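What the coordinates show
As a plain string of letters, each chain reads:
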Amino acid sequence: MDVAVAGVGIAGAFTLRQLSKSLEVVGIDKREKLGYPVECGEIIPTKKEMKVLLPTLDDYSLFDIPKRFESNRTKEVHFVLPDGKTFEVDFEFHVVNRDRMIQTIAEESGHELMLKTRIKGLSGNKLLTESGEVNAEVIVASDGPNSRIARTLNLPKKELSPAKQYVMRGVECDEDVVYMYIGRKISPGAYAWIIPKGNGVANVGIGFRPRYADKRDTIVKALDRFVREYPYSSPFLKKAEVVSSIGAVVPIDLPFDRAVYGNVLFAGDSASMVISHVGGGIPPSMVAGDAAARVINGYFDGENGLEEYDRLWKKYLYQPLMNAYYLKRLWDRFSSSDEKITRILSLASNADMGKILRCRIPRKIRLISPLLPLIERLV
Ligand SMILES: Cc1cc2nc3c(=O)[nH]c(=O)nc-3n(C[C@H](O)[C@H](O)[C@H](O)COP(=O)(O)OP(=O)(O)OC[C@H]3O[C@@H](n4cnc5c(N)ncnc54)[C@H](O)[C@@H]3O)c2cc1C
């Protein structure tokens with residue numbers, strides 16, 4: 001083959017979509033049905049928001065998300081603190097049917113797909129799979145947060161946060177709002193969410209970082225508290241039933257320093273390309289997959305080398321991902337107690353939270369940053 005796309009989630013599908021039809025390409029995935037089960041809250045900022053979030057993209061048409069993939073469109077984000085104080089931020093999200101989106105994009109790419117095929121490793125230009133070897137001149141490692149290919153190449157391990165999510169039916173919340181709940185009791189070191197998909201269906205989940213949790217606490221107990229007891233979420237969920245349940249991990253670390261290793265290009269979660277303070281990986285995976293494909297097309301046309309990919313993804317993603325990581329590290333300082341979280345966020349405004357959501361570091365935070373160790377002790 002010319003190109004093997006190893007893992008067809010978001011990054012893999014967007015790579016296949018952009019790879020030239022004249023190339024011999026195969027997309028390989030262990031799943032029987034691409035994107036299923038859905039291990040995601042399924043929100044993607046609208047194009048208007050993406051222009052602010054990733055201001056250095058050359059082309060935003062990637063974020064013209066077709067209506068057929070959308071199950072809802074929300075207008076606001078409400079950040080709910082442990083004492084109930086709520087920040088209301090105008091911010092638009094598409095809530096997509098992520099599995100349908102991945103399947104359709106991969107199928108419409110016209111490239112060959114090898115499903116139910118687990119990748120075991122890599123040897124030179126050969127991908128080793130359960131059903132034999134695949135020889136390819138270029139390999140795209142889009143095999144997600146637990147990348148087998150990254151492990152084979154002995155690349156440094158990145159921090160992952162466990163997450164658990166229910167799809168619930170009969171949810172009674174404002175369907176124009178994505179709710180994000182900050183608080184150690186329900187989501188130590190992360191946040192919990194209710195994401196309305198429309199018609200009373202919602203993705204209801206939590207992140208859970210054991211190092212910030214009580215010793216005996218578990219992700220299952222925390223999600224249960226969020227659904228049944230927590231005063232600001234349970235009223236929306238009292239008549240709701242669980243339709244399905246998943247557990248997965250989200251990268252919450254810095255991206256790789258480089259994503260090109262010989263003939264292997266890493267894209268998406270496999271390279272920790274994630275907006276780490278909110279665990280948002282769909283937009284970076286779309287951008288990285290698309291950029292990888294454009295570089296590969298150029299490589300086969302003799303226009304550029306594969307290393308051009310490092311220049312491109314960094315141009316598009318690096319600064320926002322670095323800002324996100326800065327905010328995530330800042331957040332970690334106050335995550336050990338709900339009192340600290342509440343006190344430090346009493347200094348924030350709706351506008352600050354809007355900036356933070358858009359990977360901007362508010363001036364206030366820049367100004368106080370030299371004093372953070374002191375503030376951490378005082379709050
Ligand atoms: C609970 C949860 C909620 C989230 N909510 C959001 C959200 O609302 N918005 C957002 O932007 N981000 C969200 N994220 C993050 C987002 O889902 C990921 O960052 C994004 O999907 C990464 O895409 P990817 O293509 O890199 O990886 P993936 O989508 O994980 O795709 C990797 C693919 O590789 C395949 N694969 C893996 N290993 C092998 C192997 N050995 N052999 C063959 N195939 C393999 C997998 O089957 C999969 O299809 C969430 C994550 C979680 C866990």
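What comes next concerns the included structure. (Residues numbered from 1 in each chain as written. Predicted model: local features only at pLDDT ≥ 70, side-chain atom pairs only at ≥ 80, totals over all residues.)

Regarding the overall build of the protein chain
As a reminder, the rule being used: Secondary structure is summarised from DSSP: a helix means a run of H or I of at least four residues, a strand means a run of E of at least two, and numbering begins at the N terminus for each. Put simply, the radius of gyration uses C-alpha atoms, and a globule should come to 2.2 Å times the residue count raised to 0.38. Any residue whose C-beta has 12 or fewer other C-beta atoms within 10 Å is treated as exposed, any with 20 or more as buried, and any in between as partly exposed, C-beta atoms being built from the backbone.
Of regular secondary structure, the protein chain possesses twelve helices and 17 strands. A globule of 379 residues ought to have a C-alpha radius of gyration of about 21 Å, and the protein chain, at 21 Å, matches this closely. Overall, the C-alpha framework of the protein chain stretches about 60 × 50 × 40 Å when taken along its three principal axes. Burial analysis of the protein chain (379 residues in total) assigns 47% to the buried set.

Remarks on the nonpolar core
Going by this rule: Only buried Ala, Val, Leu, Ile, Met, Phe, Trp, Tyr and Cys residues enter a nonpolar core, and they are joined through C-beta atoms within 7 Å. By the convention adopted here, residues make contact when the C-beta atoms placed from their backbones lie within 7 Å.
By size, the foremost hydrophobic cluster in this structure holds 113 residues, and its most contacted members are Ala 6, Ile 206, Leu 265 and Ala 292. Ranked by residue count, the leading element in this core is helix H7 (residues 282-300), at ten residues. Not counting residues up to four positions away in its chain, the partners in contact with Ala 6 are Ile 28, Ile 119, Leu 127, Ile 139, Val 140, Ala 141, Ser 142, Asp 143 and Ile 149.

Looking at the pairing of strand S5 (residues 86-96)
The line we're drawing: Strands qualify as paired when DSSP identifies two bridges or more between them.
The sheet contact formed by strand S3 (residues 43-45) and S5 spans three bridges and is antiparallel. Bridging across to S5, Pro 45 finds its partner in Phe 93. Hairpin remark: strand S4 (residues 70-80) followed by S5, antiparallel, with five residues in the connecting loop; positive phi at Gly 84, about 95 degrees.

Describing the site of the ligand
Filter applied, for reference: Working rule for contacts: place C-beta from the backbone, and if it is within 6 Å of a molecule or strand, that residue counts as near it. Nonpolar residues are Ala, Val, Leu, Ile, Met, Phe, Trp, Tyr, Cys and Pro. Charged residues are Asp, Glu, Lys and Arg, and all others, Gly as well, are polar.
Near the ligand lie 36 residues; those nearest to it are Gly 7, Gly 9, Gly 41, Gly 268 and Gly 281. Of all the secondary structure elements, the ones that give two or more residues to the shell around the ligand are helix H1 (10-18), strand S11 (160-169), strand S15 (241-251) and H7. Of the residues contributing to the shell around the ligand, the split by class is 13 nonpolar, 14 polar and nine charged.

Examining unusual backbone geometry
Here the amide bond leading from Tyr 36 into Pro 37 is cis, since omega sits at 0 degrees, within 30 degrees of zero. Looking at the element boundaries, Pro 37 is found in the loop between strand S2 (25-28) and S3. Even without glycine at this site, Ser 272 takes up a positive phi of about 55 degrees. Mapped onto the elements, Ser 272 comes out in the loop between strand S17 (264-266) and H7.

Notes on the sheet that holds strand S8 (residues 126-129)
Selection criterion: Fitted lines through C-alpha atoms serve as axes, helices being fitted only where they are in contact, and the angles separating the N-to-C directions of these axes extend from 0 to 180 degrees.
As summarised here, the arrangement of the three strands in space is S7-S8-S9, forming an open sheet in which the pairing is antiparallel. The sheet terminates laterally at strand S7 (119-123) and strand S9 (132-135), the two strands that pair on one side only. Direction aside, neighbouring strands of the sheet carry axes that sit 25 degrees apart on average. Pairing analysis gives four bridges linking S8 to S9, with the strands arranged antiparallel. Within S9, the residue paired with Leu 128 across the bridge is Glu 133.

A word on the sheet that holds S4
Strand order across the open sheet formed by eight strands is S3-S5-S4-S12-S13-S14-S11-S15, with mixed pairing between neighbours. Bordering the open sheet on either side are S3 and S15, each of which pairs with just one other strand. Adjacent strand axes in the sheet meet at a mean angle of 30 degrees, parallel and antiparallel pairs treated alike. One ladder, built from six bridges, connects strand S13 (residues 192-198) with strand S14 (residues 201-207); its direction is antiparallel. Residue pairing across strands places Ile 194 opposite Val 204, the latter belonging to S14. Across the sheet, helix H5 (residues 219-228) touches S11, S13 and S14, and the angle it forms with S14 is around 135 degrees.

A short note on the packing of H1 against H7
Counted only if it meets this: Two helices cross in a left-handed way if the nearer one is turned anticlockwise from the farther one by less than a right angle. They cross in a right-handed way if the turn is clockwise.
It is at 7 Å that the axes of H1 and H7 come closest, and there the two elements cross at 35 degrees. As for how H1 packs across H7, the hand of that crossing is right-handed. On H7, the residues that touch Ile 10, Ala 11, Gly 12, Ala 13, Phe 14, Thr 15 and Gln 18 of H1 are Ile 282, Ser 285, Met 286, Ala 288, Gly 289, Asp 290, Ala 292, Ala 293 and Arg 294. Of the residues that constitute the contact of H1 with H7, the class distribution is nine nonpolar, five polar and two charged.

No statement about biological role is implied by the geometric values presented.
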